[in-house]
Amino acid sequence: MTKYVFVTGGVSSSLGKGLTASSLGRLLKSRGLKVTMCKLDPYLNVDPGTMNPGEHGEVYVTDDGGETDLDLGHYERFIDESLSRMSNTTTGSIYSKVIAKERRGDYLGKTVQVIPHITDEIKERIRRLGTLGADVAIVEIGGTVGDMEIIPFIEAIRQFRRDAGRNNVCYVHLTLVPYLAPSGEQKTKPTQHSVTELRSYGIQPDVIVCRSDQPISDGLKRKIALMCDVPNGAVISAVDAPSIYDIPLNMHEEGLDRIVCETLGIDQNERPIDLSTWQEVVRHVHNTTRTLRIGIIGKYVTMPDAYLSVAESIRHAGFAINAKTELVWLEAERVPSEIDSQRIRQLDGIVIPGGFGERGVEGMIAAARIAREHNIPLLGICLGMQVMVIEFARHQMGLADAHSTEFSLTTGAPVIALMEEQMDITDLGGTMRLGACPAMLAEGSQVAALYDATVVSERHRHRYEFNSRFVEDFEQAGLRCSGTSPDGRLVEFVELPSHPYFIGTQAHPEFKSRPDRPHPLFQGLVIAADQRAEGRAPHLLLAEVVETK
Ligand code: GLN
């Protein structure tokens, strides 16, 4: 039977609940337990697919095509399990289900209410995780205790312990212990208030994880334990870590997995922990011998969470070759101003990530041109691949007005177009291609060499496609269509054999990179970037002009 850990947050948002939950997941998995995870989000959007990444961060895509919260990316990277759309539930999806049932008459004339109907539906989603065969399901509640929107979720997880049995549920509450400089002290009062708030809904936490910028002393932990009524060992200090990958090891040192196992009645002697894989990852994170500067050219660069998985994938690839990767964020709209073209030329490698809408597209096209003409390694992801194709058509094939029909319906060379447009069908309306799709890679291509395979599967999230009418023209001009859908109709990968690394993919490889298993396309990019860096004079000028975050 599946046991459940519920992770709530208090005092402030952005404390790192997702990373705490993910770290716990990794620790339990390292004890040989099968772990699954889920995020409950208290907003009214049915899923994050329609939310602006500039505000909410990236939309993470699962194999089954779920458009989910970015925390699922942390979950997958930390527990190394592929999750599904079942692992993300929002208030909007709960309400639409309940209202649909009400319209169908499923409630037999009863008054439909938040309690019990909404809370029952929440519990049903949580219970369903138990059908996945996991020993432990970790459920993170988005938002902060005290928020109005969170109340039905808190009530549902309170009831859940009664339903599932006391020993099958553990409540972990994450809070903030601020340091007040004038008095030179760390303060426990916000934690006490937050726990009081949680208790007012009937939940007594079993574990309190305290975020702080400096370690919390044993004395302070004892005080929190006394005031919040948890055992002394159940107050965990989660001090700011040099890298997110340090967090599981820090949490283990603090005893997080031990106290969670004790609460859930999991015998730790039967389940000794083996952290060797993760320790190896962390060794790589810290033992870097050189720095590579990888540019990310996108339209949401002031919100790096919009490209979270891309950034982590670049880092993973760096870990594998003991290189630190410094991410240089470049606002696509500002390219190609002179300073940015110079900056781009001084980068070791470039990623043009996915995106929707026209803003910044001309800048991305200009950046792709600089990368192609100056032999700078470039990985284009989804929209990034599309702009590489447009750029190549405009400047290498003489199709000056080449474009995607997403941005120009009157272009004479629609090298990127909706499937329907390519087949002259007008009534399909451009539905999104979502989730894992297989692709066949051409023998002898760069991508086949990188993947070391000719059949691969990657996750997708797009409407527009390489226009297959132009395949031959591109191939003749030197851009190879090196991977297609199994029926050969959709171009999935392009590459420029004459370039050190100029590869575009219609898919989103960033969702499948893991800290100990970098994705081959990112690995290839970073190796090419490393070669470029080695063959060049030290980055003296670069350090002065590059704005880094
Ligand atoms: N806007 C493009 C499309 O819909 C690319 C999408 C993306 O980059 N995810 O095809």
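Scroll up for the structure.
This text gives an overview of the structure that appears in the document. (Residues numbered from 1 in each chain as written. Predicted model: local features only at pLDDT ≥ 70, side-chain atom pairs only at ≥ 80, totals over all residues. Heavy atoms only, no water.)

## Concerning the overall build of the chain
Then, number 1: The secondary structure content of the chain amounts to 20 helices and 23 strands.
Then, number 2: Summarising its shape, the C-alpha atoms of the chain cover approximately 75 × 65 × 45 Å along the three principal directions.
Then, number 3: The 549 residues of the chain split such that 57% are buried.
Then, number 4: If you take every contact in the chain between residues at least 6 apart in sequence, the share linking residues at least 24 apart comes to 74%.
Then, number 5: Carbon and sulfur atoms make up 50% of the accessible area of the chain, which totals about 21,900 Å².
Then, number 6: Seen as two clouds, the 57 positive and the 73 negative side-chain charges of the chain have centres 5 Å apart. (Helix = DSSP H or I, 4+ residues; strand = E, 2+ residues; numbered from the N terminus. Buried < 20%, exposed > 50% of the residue type's maximum accessible area, 1.4 Å probe, protein only. Contact = heavy atoms within 4.5 Å. Areas by Shrake-Rupley, 256 points an atom, 1.4 Å probe, with all protein chains shown as cover. Lys, Arg positive; Asp, Glu negative; His and termini not counted. Charge placed at Lys NZ, Arg CZ, Asp CG, Glu CD.)

## A few points about the nonpolar core
Then, number 1: Counting residues in each nonpolar core, the largest one holds 56 residues, and the members touching the most others are Val5, Ile138, Val207, Val209 and Val260.
Then, number 2: With residues near it in sequence (within four places) discarded, Val260 still touches Val5, Leu24, Cys170, Val172 and Val207.
Then, number 3: Ile350, Ile376, Val415 and Val494 belong to the second largest nonpolar core, which has 44 residues in total. (Core = buried A, V, L, I, M, F, W, Y, C linked by side-chain atoms within 4.5 Å.)

## Observations regarding the site of the ligand
Then, number 1: Near the ligand, the surroundings consist of Gly354, Gly355, Phe356, Cys382, Leu383, Gln386, Glu406, Arg461, His462, Arg463, Tyr464 and His508.
Then, number 2: Measuring from an oxygen atom of the ligand, one finds a backbone N or O atom of Gly355 at 2.9 Å.
Then, number 3: Between the ligand and the protein, one listed contact pairs an oxygen atom with a backbone N or O atom of Leu383 at 3.0 Å.
Then, number 4: Alone, the ligand offers 300 Å² of accessible surface; in the complex the protein occludes 99% of this. (Near = heavy atom within 4 Å. Polar contact = N/O pair within 3.5 Å; in protein donor to acceptor, adjacent residues only side chain to side chain.)

## Concerning the sheet that holds strand β10 (residues 207–212)
Then, number 1: Overall, parallel pairing links the seven strands, which are arranged β5-β2-β6-β1-β7-β10-β11 in an open sheet. Of all strands in the sheet, those with a lone pairing partner are β5 (88–90) and β11 (235–239), marking the two edges. Sheet twist, expressed as the mean angle between neighbouring strand axes with direction ignored, is 20°.
Then, number 2: As defined by bridge partners, strand β1 (residues 3–9) adjoins strand β7 (residues 169–176) across six bridges and the pair is classed as parallel. Note on β7: the bridge partner recorded for Gly9 is Leu174.
Then, number 3: Sitting on the sheet, helix α6 (residues 151–164) is in contact with β1, β2 (35–41), β5, β6 (136–141) and β7, with an inclination near 150° to β7.
Then, number 4: Sheet strands touched by helix α8 (residues 218–228): β10 and β11. Its angle to β11, the strand with the most contacts, is close to 130°. (Pairing = 2+ DSSP bridges. Axes fitted to C-alpha atoms, helices over the stretch in contact; angles between N-to-C directions.)

## Some details on the packing of helix α1 (residues 17–29) against helix α3 (residues 71–79)
Then, number 1: Taken N-terminus to C-terminus, the directions of α1 and α3 make an angle of 20°; their axes are 8 Å apart at the nearest point. When the axis of α1 is compared with that of α3, the two are roughly parallel. As for the relative orientation of α1 and α3, their crossing is right-handed in sense. Residues Gly18, Leu19, Ser22, Ser23, Gly25, Arg26 and Lys29 of α1 touch α3, and the partners they reach there are Asp71, His74, Tyr75, Phe78 and Ile79.
Then, number 2: Classifying every residue of the contact of α1 with α3 gives four nonpolar, five polar and three charged. (Parallel < 35°, antiparallel > 145°, perpendicular 65-115°, else oblique. Left-handed = near helix turned anticlockwise from the far one by under 90°. Nonpolar A, V, L, I, M, F, W, Y, C, P; charged D, E, K, R; others polar.)

## Concerning the pairing of β11
Then, number 1: Within β11, four of the five residues are buried, which leaves it mostly tucked inside the rest of the structure.
Then, number 2: What joins β10 to β11 is α8, and the crossover it makes is right-handed. (Right-handed = clockwise from strand over helix to strand, strands pointing away.)

## With respect to the packing of helix α14 (residues 361–373) against helix α15 (residues 383–396)
Then, number 1: In contact at an axis separation of 8 Å, α14 and α15 are set at 70° when each is read in the N-to-C sense. Between α14 and α15, the crossing angle belongs to the class labelled roughly perpendicular. When the axes of α14 and α15 are compared, the crossing they make is right-handed. Contacts between α14 and α15 involve Val361, Glu362, Met364, Ile365, Ala368, Arg369 and Arg372 on the former and, on the latter, Leu383, Val387, Met388, Ile390, Glu391, Phe392, Arg394, His395 and Gln396.
Then, number 2: Across the contact of α14 with α15, the residue classes break down as nine nonpolar, two polar and five charged.

## A look at the packing of aromatic side chains
Then, number 1: Within the structure shown, the criterion is met by 14 aromatic pairs.
Then, number 2: Counting every residue linked through ring pairs, the aromatic cluster contains Tyr4, Phe6, Phe160 and Tyr171. (Phe/Tyr/Trp six-rings, centres within 6.5 Å; stacked < 30°, edge-to-face > 60°.)

## Let's talk about the pattern of salt bridges
Then, number 1: Tallied over the full model, the rule gives 40 salt bridges.
Then, number 2: Across the pair Glu262 and Arg258 runs a salt bridge whose closest N-O atoms are separated by 3.4 Å. Taken as a pair, Glu262 and Arg258 lie in helix α10 (residues 256–264) at a separation of four residues, close to a single helical turn.
Then, number 3: As a salt-bridge pair, Arg372 and Glu373 come within 4.0 Å of each other at their nearest N and O atoms. (Salt bridge = Lys/Arg side-chain N within 4 Å of Asp/Glu carboxyl O.)

## Structural notes on the sheet that holds strand β17 (residues 414–418)
Then, number 1: With mixed pairing, three strands are arranged side by side in an open sheet as β16-β17-β20. Taken across any chain shown, the strands that pair with only one partner, and hence form the sheet edges, are β16 (403–404) and β20 (464–466).
Then, number 2: Two strands pair when backbone bridges link them, and β16 and β17 are joined in this way by two bridges, in the parallel orientation. Bridging across to β17, His403 finds its partner in Pro414.

As far as function goes, none of this settles anything; it's purely spatial.
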